[in-house]
Every structure is written in C-alpha cells, then in structure tokens.
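# Topology and contacts: notes
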Amino acid sequence: MRLLQAEELFRKVLEGGSKAKAARLLGLDVGSKYIGLAVSDEKNRIALPLSVLSRTKTNINLMADDFKTLASKYSLAGFVVGYPFNLHGQHSPDAVQVRLLAGELYKTGKLDDLCYTYWDENFTSKCVEALLHPLNLKNRDEAKTMTDKFAAVCILQGYLDNMNRKLRPTDKSDT
C-alpha cells in the first residue's frame, strides 16, 4: 500500500481502467470497532454501500485478506480512507487509529499493489445518523453498522464529486 495525494490516486484510476474492466475505489470509514465500506461504480461517479468489517487488534491479517478479495472482485485501484481533520485542516486526535490501521495493513504485505489516500471525514457519521434517525432502528449494533457503511458512502462520494469536478474532462458523451 502506498499513500498518494488525492488527485494522484484519481488520475491513476482514470488511467488504470480498461475497456473490459474499469478501475474502482473502495471508501473506508475507520472506527475503533468497525470499518464501513463503500465501492465506486465503474465510472467512478457514484459511491455504493458495500458492507462493514469488524475490527480487532488480532484480525489485521484477515482484514488484509478481505481487502485483497474485494480488490480482485471489484478491480480496485485503491482506497479512499476517511480521515478526521480538525476544523483548521490539521490532524485530529482520532486520526491516530486511522494511521495505525493503514500502517498495520501495510505491514501485512498483502496489499502492496494498491494505493490509498486520505479524505476528510468530518461530520459524515453525524450526517448519516441524522438521515437514519427517522428509521428508528431499535437494534444498536444494526444502527451502528448501518451508520458506518453509509459514512463510508459519504466519504467516497465527497471524494468522487471533488475529483470529477477537478480532473475529469467535460465530455457529454460519457453520461
């Protein structure tokens, strides 16, 4: 796994796709217990909810295997990892667990062919909680995992929107 700047990763995705299979991205909302996952569509315009992985200190190799399987299944070029910057754009104290996860995944050596970038995740969980509140989910675990999954969607969608605005040529025939 190699850390890239946000624009560099998107350029790699745009260049890495073939006619047969497009390169896609996986969005991650990293929490202390769960990691919410979202995947981009084949045109890298829309983020779709995928699943949630349990996170423990002892399952990093299993998680790396899961990510490797997802990379193969979805032709992933890399990850967009939600990163908690503070309101001044600096690292927040919660960012430590995100960097630790990236470091642990790197040490497994199982994801060496993939790249990742960090993307601001401020307020994603709070926005999703507000959206899910009317559903009145009674099961706490279900509500938490649903929040994590859709927070990953928000992170990835924010990244895709920003990168598509900045880097994708305006070609009307692509819609």
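In case you missed it, the structure is sitting above this.
Below or above, wherever it landed, is the structure these notes cover. Since this is a predicted model, take the numbers as computed values, not measurements.

### So, the overall build of the protein
- Tallying secondary structure elements over the protein gives 5 helices and 6 strands in all.
- From first element to last, N terminus to C terminus, the protein shows the α and β order β-α-β-β-β-α-β-α-β-α-α.
- Within the protein, the fraction of its 175 residues that count as buried is 44%.
- Taking the contacts inside the protein whose residues are at least 6 apart along the sequence as the reference set, 68% of them involve residues at least 24 apart.
- About 10000 Å² of surface is accessible on the protein, with carbon and sulfur atoms providing 53% of the total.

### With respect to helix H1 (residues 6-16)
- Taken residue by residue, H1 has Ala6, Leu9, Phe10 and Val13 as its buried positions. Down the axis of H1, the buried set is contained in an arc of 95°. They therefore lie on one face.

### Considerations on the packing of helix H2 (residues 60-74) against helix H3 (residues 95-108)
- Close contact between H2 and H3 brings their axes to 9 Å; oriented N to C, the two are set at 80°. Judged on the interaxial angle alone, H3 and H2 are roughly perpendicular. Together, Ile60, Asn61, Met63, Ala64 and Phe67 of H2 and Leu101, Glu104, Leu105 and Thr108 of H3 make up the contact between the two elements.
- Residues belonging to the contact of H2 with H3 are distributed by class as follows: 6 nonpolar, 2 polar and 1 charged.

### What about the packing of aromatic side chains?
- Applying the stated criterion across every chain yields a total of 5 aromatic pairs.
- Measuring from ring centre to ring centre gives 4.4 Å for Tyr83 and Tyr118, while their planes differ by 40°; the resulting arrangement is tilted. Highlighted residues: Tyr83 in strand E5 (residues 76-83) and Tyr118 in strand E6 (residues 115-120), separated in sequence by 35 residues.
- The exposure class assigned to Tyr83 is buried, which follows from its relative accessible area of 1%.
- Seen from their ring centres, Trp119 and Tyr159 are 5.3 Å apart, and the 85° between their planes marks the pair as edge-to-face.

### Some words on the nonpolar core
- Counting 28 residues, the largest nonpolar core has Leu26, Leu28, Phe67 and Phe79 as its most contacted members.
- Only strand E2 (24-30), strand E3 (34-40), H2, E5, H3 and E6 provide two or more residues apiece to this core.
- Here this core takes 7 residues from H2, the largest share from any one element.
- Beyond its immediate stretch of four places on either side in the chain, Leu28 contacts Ile35, Gly36, Leu37, Phe67, Phe79, Val80, Val81, Gly82, Ala152 and Ile155.

### Concerning the environment of Ala38
- Its location among the elements puts Ala38 in strand E3.
- The buried category is assigned to Ala38, whose relative accessible area is 0%.
- Taking the C-alpha atoms as reference, Ala38 lies 7.0 Å from Ser51; in sequence the two are 13 residues apart.

### Things to note about the pattern of salt bridges
- A complete count under the given rule lists 3 salt bridges for this structure.
- Two residues, Glu7 and Lys166, come together in a salt bridge whose shortest N-O distance is 3.0 Å. Of this pair, Glu7 sits in helix H1 while Lys166 sits in helix H5 (residues 140-167), placing them 159 residues apart in sequence.
- Since its relative accessible area comes to 28%, Glu7 is described here as partly exposed.
- For Lys166, a relative accessible area of 51% corresponds to the exposed category.
- Put simply, Asp113 and Lys68 hold a salt bridge, and the shortest N to O gap is 3.2 Å. A residue pair is termed long-range when its members are at least 10 positions apart, and Asp113 in the loop between H3 and E6 and Lys68 in helix H2 qualify at 45 residues.

Parameters and conventions
Residues numbered from 1 in each chain as written. Predicted model: local features only at pLDDT ≥ 70, side-chain atom pairs only at ≥ 80, totals over all residues. Heavy atoms only, no water. Helix = DSSP H or I, 4+ residues; strand = E, 2+ residues; numbered from the N terminus. Buried < 20%, exposed > 50% of the residue type's maximum accessible area, 1.4 Å probe, protein only. Contact = heavy atoms within 4.5 Å. Areas by Shrake-Rupley, 256 points an atom, 1.4 Å probe, with all protein chains shown as cover. Arc of directions from axis to C-beta. Axes fitted to C-alpha atoms, helices over the stretch in contact; angles between N-to-C directions. Parallel < 35°, antiparallel > 145°, perpendicular 65-115°, else oblique. Nonpolar A, V, L, I, M, F, W, Y, C, P; charged D, E, K, R; others polar. Phe/Tyr/Trp six-rings, centres within 6.5 Å; stacked < 30°, edge-to-face > 60°. Core = buried A, V, L, I, M, F, W, Y, C linked by side-chain atoms within 4.5 Å. Salt bridge = Lys/Arg side-chain N within 4 Å of Asp/Glu carboxyl O.

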